[in-house]
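# Summary of structural features
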Amino acid sequence: MISSLLLRCLEDTMSTTAHQDLHSEQGALRGEHPGRSRNPVIKVADLAWLEFEKPDLDRAEVFARDFGFAIAARSEGALWLRGTFAGSPCMVLRRGRASRFIGPAFRAAERADLDRLARATGTAVRDADVPGGGKAVDLLDPSGFPVRVVHCGEELPALPEQRPLLLNSGTGHRRTNATQRPPREPSRIQRLGHVVLETRVFARALDWYLDTLGMIVSDFLFLDGQRERGPTMAFIRCDQGGRAVDHHTLAMHLGPGNGYVHSAYQVTDLDSIAAGGEYLKERGYRRSWGIGRHIQGSQLFDYWRDPDHFMLEHFADGDLFSCDVEPGWAPMSTSGLAQWGPPVTRDFLGAGPSPQRVRDVIQALRGDNELDPARLLGLLKAASS
């Protein structure tokens with residue numbers, strides 16, 4: 001009896017994987033991408049801000065305030081947006097002839113990291129154009145996105161927060177003799193969480209971010225029937241050792257274009273997401289998809305379009321991983337995007353036909369990149385599964 005009990009315990013132990021009851025049911029198979037670099041140049045600490053160009057900064061500021069940003073600084077040619085948390089701004093909008101995404105800026109853990117990065121990449125450390133001053137190194141990733149790594153001289157001070165509502169749950173009565181009336185006001189952005197990019201050179205771009213910036217993968221997605229060809233999407237986080245950080249700071253997926261998909265901004269809680277969404281709806285903005293809860297990352301989400309059709313996300317309650325959590329692997333599908341919520345929209349998927357999208361597909365299939373007919377058909381299948 002004792003030997004059979006020991007045998008059962010051994011079998012249970014052998015059948016338990018690092019991914020059971022975690023973020024994914026599957027881990028890597030032998031020989032698959034490890035999701036991290038053995039010897040990265042540096043390890044960035046976080047995403048600092050995103051840079052865009054906009055022709056109309058006044059209109060951009062109206063949306064920014066309605067979405068929940070505060071204004072960090074404003075000049076004739078630039079608008080700096082921030083959240084309530086202390087630190088760097090979330091976004092800079094520079095005056096330009098057309099609305100376009102320029103690229104991300106990542107925060108270096110130490111000033112010396114900029115010198116190390118500059119030496120390794122043959123670039124130079126320069127003064128950063130940021131409120132409070134700082135230093136920066138300018139790079140170009142394999143997709144062609146300008147990537148800036150910065151070390152800021154001064155942090156912005158914290159601003160007042162939206163307080164989370166007290167919730168009664170089961171027998172836990174935290175609120176008595178009091179009602180709940182969340183105000184109909186903008187969701188107050190706390191910080192920038194992540195950016196999602198589409199690229200035709202997914203594998204090259206992935207390795208560049210791991211080898212150059214020291215980021216690590218939380219989850220890989222692969223196309224049905226094509227796992228042996230490697231992943232086509234990665235959710236990538238910063239590596240701060242034992243300190244748990246966002247499940248993903250950067251997400252990338254293979255596609256016919258090289259471009260911005262969306263960016264995400266943390267707010268207090270579900271009530272902040274919902275009340276802020278009602279505020280946006282009343283002012284004529286268009287929801288892209290939501291409200292729901294994601295699978296990879298577990299965030300509560302709500303997606304909106306700004307007046308220039310860029311997609312931004314309010315999120316709350318995301319997963320936090322330390323460096324010891326290995327990548328999960330899962331098939332790519334629209335049904336795998338959410339645990340609950342409304343059906344994913346064509347607008348969110350970017351599935352609506354457009355002349356630019358047709359041109360992207362034709363150019364990608366003719367070019368030197370990682371998109372071929374089999375990959376394209378797999379992506380189309382994933383978008384409808």
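Residues numbered from 1 in each chain as written. Predicted model: local features only at pLDDT ≥ 70, side-chain atom pairs only at ≥ 80, totals over all residues. Heavy atoms only, no water.

An unreviewed UniProt entry annotates the chain as 2,3-dihydroxybiphenyl 1,2-dioxygenase originating from Streptomyces curacoi.

This brings us to the state of the cysteines. This structure, assessed with the given rule, holds zero disulfides. The thiol sulfur of Cys-90 is not disulfide-bonded, and the nearest other cysteine sulfur, from Cys-152, lies at 12 Å. With a relative accessible area of 3%, Cys-90 lands in the buried category. Classification of Cys-152 as partly exposed rests on a relative accessible area of 21%. (Disulfide = S-S within 2.5 Å. Buried < 20%, exposed > 50% of the residue type's maximum accessible area, 1.4 Å probe, protein only.)

Here the focus is the packing of aromatic side chains. Under the definition given, this model contains 21 aromatic pairs. These aromatic residues form a ring-pair network of at least three members: Phe-52, Phe-101, Phe-145, Tyr-260 and Phe-310. Sitting above the plane of the Tyr-279 ring, Arg-283 keeps its charged end 3.4 Å from the centroid. (Phe/Tyr/Trp six-rings, centres within 6.5 Å; stacked < 30°, edge-to-face > 60°. Lys NZ or Arg CZ within 6 Å of the ring centre and 35° of its normal.)

Once that is clear, we can look at the side chain of His-194. With respect to the helices and strands, His-194 occurs in strand E9 (residues 191-199). On the basis of relative accessible area, His-194 is assigned to the buried category, the value being 3%. Among the polar contacts listed, one links the side chain of His-194 to the side chain of Glu-313, at a separation of 3.4 Å. Not counting residues within four places of it along the chain, the set of residues in contact with His-194 comprises Leu-47, His-248, Thr-249, Leu-250, His-262, Ser-263, Ala-264, Gln-299 and Glu-313. (Helix = DSSP H or I, 4+ residues; strand = E, 2+ residues; numbered from the N terminus. Polar contact = N/O pair within 3.5 Å; in protein donor to acceptor, adjacent residues only side chain to side chain. Contact = heavy atoms within 4.5 Å.)

For the rest of this paragraph, the subject is the sheet that holds strand E8 (residues 146-152). Here eight strands make up an open sheet; going across it, the order is E2-E3-E4-E1-E5-E8-E7-E6 and the pairing mixed. Either end of the sheet is taken by a strand with one partner, and the two such strands are strand E2 (70-74) and strand E6 (125-127). Taking each pair of neighbouring strands and ignoring which way they run, the sheet shows an average axis angle of 30°. Relative to strand E4 (residues 91-95), strand E1 (residues 46-54) runs parallel, the two being bridged by five bridges. Across the sheet, Leu-50 pairs through a bridge with Met-91, a residue of E4. With respect to the sheet, helix H2 (residues 57-67) is in contact with E1, E2, strand E3 (78-82) and E4, its orientation differing from that of E2 by roughly 155°. Where helix H4 (residues 202-213) meets the sheet, its contacts fall on strand E5 (100-107), strand E7 (134-140) and E8, and the angle it forms with E8 comes to roughly 25°. (Pairing = 2+ DSSP bridges. Axes fitted to C-alpha atoms, helices over the stretch in contact; angles between N-to-C directions.)

Another aspect to go through is unusual backbone geometry. Look at the link from Gly-290 to Ile-291: it is a cis peptide, with omega at 0°. Locating Ile-291 in the fold gives a position in strand E15 (residues 286-294). Even without being glycine, Asn-177 reaches a positive phi, approximately 55°. With respect to the helices and strands, the residue Asn-177 is situated in the loop between E8 and E9.

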